[in-house]
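A closer look at the structure
Listed below, chain by chain, are the residues.
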Amino acid sequence: FRSLRPCARSWAVLLLCVIPKGGLHDSLYAGVPALSLLTRTARASAADMLGLYSAALSASRQCQVFGPRDAILLVDPQNCFMENRTVNGSVEAAYPLDGADVNPGATGQSNFSHYDAQRIGDTLTDGSLKVAGSSLIIPVLNDWVDAAAGGRTLATMDYHPEYHCSFCKTHEGGILPGSYCLSAFGSLPVPDSRCVDAISEESFFRSNPTAYYQWPSHCVAGTFGARFDPYLNLPNDTTVVKLGTGSGRDSYSGFSSAAVTSTAAAGEHDHQSTSTAATVNVTLGEHLQRGNITRLFVMGLATDFVVSATVNDALEGLGYGLSDEYVVVLVEPGSKGIIPSNTEAALLTIRNHPQGFTTDERHPADAMRDLCDDPSWLRYGADGVEHDAALLGSTCDPDAGSGVYAEQCDKRGGGSGRTRVWCEPLRNGRDWGRCRLCPGDGCSNRGDCVPRTVDTGERVGECDCEFGSFGAGCERGMSRRALVNILIISCTSGVVALLVLLAATLCHKYAKARRKAKQAVLLRGSGGAPELSLAEGLQYHLFLSHTWATGQDQVALMKRRLLALMPGRGRTAQARQRSAPKIFRDVDDLQDTDALEGYVASSACVLIFLTRGYFLSPACLREARAAVQANKPLIIVHEADTTKGGGPLADLIAECPADLVRLIFRPRGEPLLEEKEMEGGSDAHGDQADGIGAGDGGDGGDGG
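Residues numbered from 1 in each chain as written. Predicted model: local features only at pLDDT ≥ 70, side-chain atom pairs only at ≥ 80, totals over all residues. Heavy atoms only, no water.

**What to know about the overall build of the protein**
Selection criterion: Each helix corresponds to a stretch of at least 4 residues labelled H or I by DSSP, and each strand to a stretch of at least 2 residues labelled E; elements are numbered beginning at the N terminus. Only protein chains enter the area calculation, which uses a 1.4 Å probe; residues under 20% of their type maximum are buried, those over 50% are exposed, and those in between are partly exposed. Contact between two residues is taken to exist if any of their heavy atoms lie within 4.5 Å; hydrogens are not considered. Here the open area of atoms and residues is found with the Shrake-Rupley method and a 1.4 Å probe, where only the protein chains shown may cover a residue.
Scanning the protein from N- to C-terminus turns up 22 helices and 26 strands. Expressed as a percentage of its 704 residues, the buried residues of the protein come to 48%. Summarising the internal contacts of the protein: among those between residues at least 6 apart in sequence, 70% fall at separations of at least 24. Split by element, the accessible area of the protein, about 33500 Å² in all, is 54% carbon and sulfur.

This is the structure:
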């Protein structure tokens, strides 16, 4: 279903079906009029296909559709905030792009218009306060405008007078685009004129460091920079709220009491030559309150300033009351910030609010799916307190039948065979509801949760308890399953005892068989264990030479494995111990360090476990020299794993004194035997090493 999303949105355009979501897909969508028109025309049919996809989701289908109580808010999508972009001749602009300002005769034009956005040839230049990546949001905003056809569209716009208090160096005609003044850092002085609204006052007098921002001249009424982006498809019924229209007061939030509503005709909200013309003192909050909006989707510029201030005020419910079904969603792909650290902080603040929600989904259908599939915002009231712990994390369709909404809701009790939830209709008259557990955590698994309409007309969920159970949540009495379980336990106790006895017998036989099948070294001919002998004067069959720091554990493993493979012969333990291999290991057998050479001399052969630092150990050098001088057969085992004290063979040979290299190794360090991997069995260490060579102590050659 995920792979069908692009096709479902524009199913009649086969080209878009084979192009992944991303830059090329979005460019085609926004850049070819026929495709955009066909996409909008096919929206109803595409919604039907999306319904097939939504039906497979554990969330309400109705919740994922924009309704009259949903609204999108487009924040300041104006030319003054846009970055440099090419005129798209294949798409019809919302107004002529001749580069001329609406009010070319404004008195302050010479001071600021050449800094703000304008058309030069086939290019729309950077706005005076451009936001990085701003041009990417327009296709996203247009998608949301199309998707919200059943809801309401609102937009805010900065619409400043020529000499606004927030403009840095207003007495000098403005500053270069992309700049701003910070009073705390001293790089630019705070101008004589500064904003006196509550936000600016708080920022200016905040304890060090003060972050009082002053901006370049931007979005001046009557200029091209103040107009909406020409490729933004605003509906004719869009409600437009203007910010910063007074010369001595700024407005970051769309809910500011200083914000005003445009009364201009459709498509002419950005035509006025003065900032206060064609406006009325109606705030954004009043519009939402009048429309009884409960879901607000916000996107635009810039995330860390106007967008975040607007969202935060919306979450605090300034100007209108919140309901427990209210949520504010910030659409990240449709928003861009100015300062990255401030942007991340703003997003975190929104996510931490109980009724705040952010989505990183590019397409509205995907964002709506995520919102409806995990509506934690339905748990909280205006005070931010979780008032109903019986709510489950999903939405549902009340009229879809118990089987459907049980699938949508019951994410915690799947497979029980019981209906534990019911779908409670929302009080605001929406067509979808929220999932709720019946009492007793879903009828205590002793009954089914069913919706009923009580005398007051209210719809509630009640438990239909099975035989033997009673109470609001079927929590009292004994369940039918419990009765059956008691009977089964009583009748089968004897069988269980017999099974336990049988299992103990089988375990005993299995353990005995394993002991018989224990691995051992046997003679080919007789199949019996070899009888080891020692020449006169010898005490050990094998001497294990190693450095303590990097080889102790591996050598201990070797000795244990050798003794396990050749446990000795005889009926008694003493007899088997006498005939078992005699292996010298310093931890077990060393009594006198001055007698190392004697221990080597009393061994039939010597195994050198070659690890990092072996030839740097004085004791190891004594053992190696003693073995060479006594002409003992040598077995060289190389540890290659660097994490277990090993290393490349050449590096370890390089540590060997020159007089011992030829006596122990072949010229150039070539191995005497083919390399083989030594398996460590099931020992806790599980070490592996390579047997790399063997030779006698005389010439390092053939005495392996």
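The discussion continues.
**Some words on empty space enclosed by the protein**
Using the following cut-off: Residues are said to line a cavity or pocket when one of their atoms sits within 4 Å of a point; the points come from a 1 Å grid over protein atoms alone, cavities being sets where a 1.4 Å probe fits but cannot get out and pockets being open sets with protein on both sides within 12 Å along at least five of seven lines. Grid points are joined across faces, edges and corners, and a volume is the space filled by probe spheres set on the points. Ten residue types, Ala, Val, Leu, Ile, Met, Phe, Trp, Tyr, Cys and Pro, are classed as nonpolar, four, Asp, Glu, Lys and Arg, as charged, and the remainder, Gly among them, as polar.
Applying the stated criterion across every chain yields a total of three cavities of 30 Å³ or more. In this model, the largest cavity occupies a volume close to 150 Å³. Lining the largest cavity are 15 residues, with Phe81, Leu129, Asp158, Tyr252 and Val306 positioned closest to its centre. Partitioned by chemical class, the residues of the lining of the largest cavity number nine nonpolar, three polar and three charged.

**Things to note about the packing of aromatic side chains**
So the rule is basically this: Planes of paired rings set the category: under 30 degrees apart is stacked, over 60 is edge-to-face and the rest tilted, where pairs are Phe, Tyr or Trp rings (Trp by its six-membered ring) whose centres lie within 6.5 Å.
Per the stated rule, a full pass over the model turns up 11 aromatic pairs. Look at tyrosine 252 and phenylalanine 305: their rings are 5.8 Å apart centre to centre, the planes differ by 80 degrees, and that puts the pair in the edge-to-face class. Placement of tyrosine 252 in the loop between strand E8 (239-243) and strand E9 (260-262) and of phenylalanine 305 in helix H10 (residues 303-316) is noted, with a sequence separation of 53 residues between them. The buried category is assigned to tyrosine 252, whose relative accessible area is 18%. Residue classification places phenylalanine 305 among the buried residues on the basis of a relative accessible area of 8%.

**A closer look at the sheet that holds strand E4 (residues 123-124)**
Which entries qualify depends on this criterion: Strand pairing is assigned whenever DSSP identifies at least 2 bridges connecting the two strands.
Sheet architecture is open: three strands sit in the order E2-E4-E3, paired in antiparallel fashion. Of all the strands in the sheet, just strand E2 (85-86) and strand E3 (119-120) have a single pairing partner and so form its edges. Sheet topology note: the E3/E4 ladder contains two bridges and is antiparallel. Bridge pairing in E4 places isoleucine 120 opposite threonine 123.

**Brief notes about the sheet that holds strand E11 (residues 295-301)**
Put simply, the rule is: In this description, a line fitted to the C-alpha atoms serves as the axis of each element, helices being fitted only across the stretch in contact, and the angle between N-to-C directions of two axes falls anywhere from 0 to 180 degrees.
With mixed pairing, the eight strands of this open sheet are ordered in space as E10-E9-E8-E5-E1-E11-E12-E13. Both outer strands of the open sheet, strand E10 (279-280) and strand E13 (356-359), are each paired with one neighbouring strand and no more. Of the strand pairs in this sheet, strand E5 (residues 152-158) and E8 are connected by five bridges, and their pairing is parallel. From the neighbouring strand, alanine 155 faces E8, where its bridge partner is valine 240. Relative to E11, H10 is tilted by about 165 degrees, and along the sheet it contacts strand E1 (70-75), E8, E11, strand E12 (327-336) and E13. In the packing of helix H12 (residues 364-373) onto the sheet, contacts are made with E11, E12 and E13, and the angle to E11 comes to roughly 135 degrees.

**Some thoughts on the pattern of salt bridges**
Counted only if it meets this: A side-chain nitrogen of Lys or Arg and a carboxyl oxygen of Asp or Glu constitute a salt bridge if their distance falls within 4 Å.
Enumeration according to the criterion identifies 17 salt bridges in this entry. In this structure, aspartate 366 and arginine 369 form a salt bridge, with 3.6 Å as the shortest nitrogen-oxygen distance. Of this pair, aspartate 366 and arginine 369 are both found in helix H12, three residues apart, which corresponds to roughly one turn of the helix. This pair shows no difference in class: aspartate 366 is buried, exactly as arginine 369 is. For the salt bridge of glutamate 424 with arginine 436, the shortest nitrogen-to-oxygen distance reads 2.6 Å.

**Considerations on a nonpolar patch on the surface**
To be explicit about the condition: Patch membership requires more than 30% relative accessible area and the absence of a salt bridge. Residues of like charge join within 9 Å; the nonpolar side chains Val, Leu, Ile, Met, Phe, Trp and Tyr join within 5 Å.
On the surface, a nonpolar cluster with roughly 380 Å² of combined accessible area is contributed by Val495, Leu499, Leu502 and Leu506. Turning to its location among the elements, leucine 506 is positioned in helix H15 (residues 480-516).

**Considerations on the nonpolar core**
Inclusion rule: Note on terminology: a nonpolar core comprises buried Ala, Val, Leu, Ile, Met, Phe, Trp, Tyr and Cys residues joined through side-chain atoms within 4.5 Å.
If you look at the biggest cluster of nonpolar residues, it comprises 48 residues, and the most contacted ones within it are Ile72, Leu74, Trp144, Phe297 and Met299. Secondary structure elements with two or more residues in this core: E1, helix H7 (137-147), E5, E11, H10, E12 and H12. It is H7 that contributes the most residues to this core, six residues altogether. Residue contacts for isoleucine 72: discarding those within four places in its chain leaves Phe66, Trp144, Val145, Ala148, Arg152, Thr153, Leu154, Phe297 and Met299.

**Considerations on the pairing of strand E23 (residues 603-610)**
Note the cut-off: Consider the strands pointing away from the viewer: the crossover is right-handed when the path from the first strand over the helix to the second runs clockwise.
The buried fraction of E23 amounts to seven of the eight residues, a majority that puts the element mostly inside the structure. Pairing between strand E21 (residues 540-545) and E23: five bridges, direction parallel. Paired with serine 545 across the bridge in E23 is isoleucine 608. When E23 meets strand E24 (residues 633-638), the two strands line up parallel, connected through five bridges. Among the inter-strand pairings, phenylalanine 609 is bridged to a residue of E24, identified as valine 637. Chirality of the crossover, the property in question, places the unit of E23, helix H20 (residues 618-629) and E24 among those that are right-handed.

**Considering the side chain of threonine 245**
Within the secondary structure layout, threonine 245 lies in the loop between E8 and E9. Contacts of threonine 245, omitting those with residues within four sequence positions, involve Tyr159, Pro161, Ala258, Val260, Ser275 and Thr276.

**A short note on the packing of H10 against helix H11 (residues 340-352)**
Rules: Reported orientations rely on four angle classes, namely roughly parallel under 35 degrees, roughly antiparallel over 145, roughly perpendicular from 65 to 115, and oblique for the rest. What makes a crossing left-handed is the near helix being turned counterclockwise from the far one by less than a right angle; a clockwise turn instead makes it right-handed.
Where H10 contacts H11, the axes come no closer than 10 Å and their chain directions differ by 15 degrees. As the angle between them shows, H10 and H11 are arranged roughly parallel. Along this stretch, H10 crosses H11, giving a crossing that reads as left-handed. Between H10 and H11, the contacting residues are Thr303, Asp304, Phe305, Ser308, Val311, Asn312 and Leu315 on the first element and Asn342, Thr343, Ala346, Leu347, Thr349 and Ile350 on the second.

**Details of H20**
Rule in force here: By definition here, a helix of n residues has an expected span of 1.5 Å times n minus one.
Relative to the 16 Å expected for 12 residues at 1.5 Å per residue, H20 spans 16 Å between its end C-alpha atoms, a close match to the ideal helical length. Inspection of H20 places Cys620, Leu621, Glu623, Ala624, Ala626, Ala627 and Val628 among the buried residues, and these make up the whole buried set. Residues of H20 that are buried sit in contact with E21, helix H19 (596-601), E23, E24 and helix H22 (658-664). In the segment just after H20, asparagine 631 is the residue with positive phi, at about 55 degrees.

**Topic: the environment of threonine 550**
The condition is simple: N or O atoms closer than or at 3.5 Å make up a polar contact, with two conditions inside protein: a donor-capable atom paired with an acceptor-capable one, and, for residues adjacent in sequence, both atoms drawn from side chains.
With respect to the element layout, threonine 550 can be found in helix H16 (residues 548-565). Judged by its relative accessible area of 13%, threonine 550 falls in the buried class. When the C-alpha atoms of threonine 550 and glutamate 639 are compared, they prove to be 9.4 Å apart, with 89 residues separating the residues in sequence. Not counting the four nearest positions on each side in its chain, threonine 550 is found in contact with Phe609, Thr611, Arg612, Lys644 and Gly645. Polar side-chain contacts of threonine 550 include one of 2.5 Å to the side chain of threonine 611.

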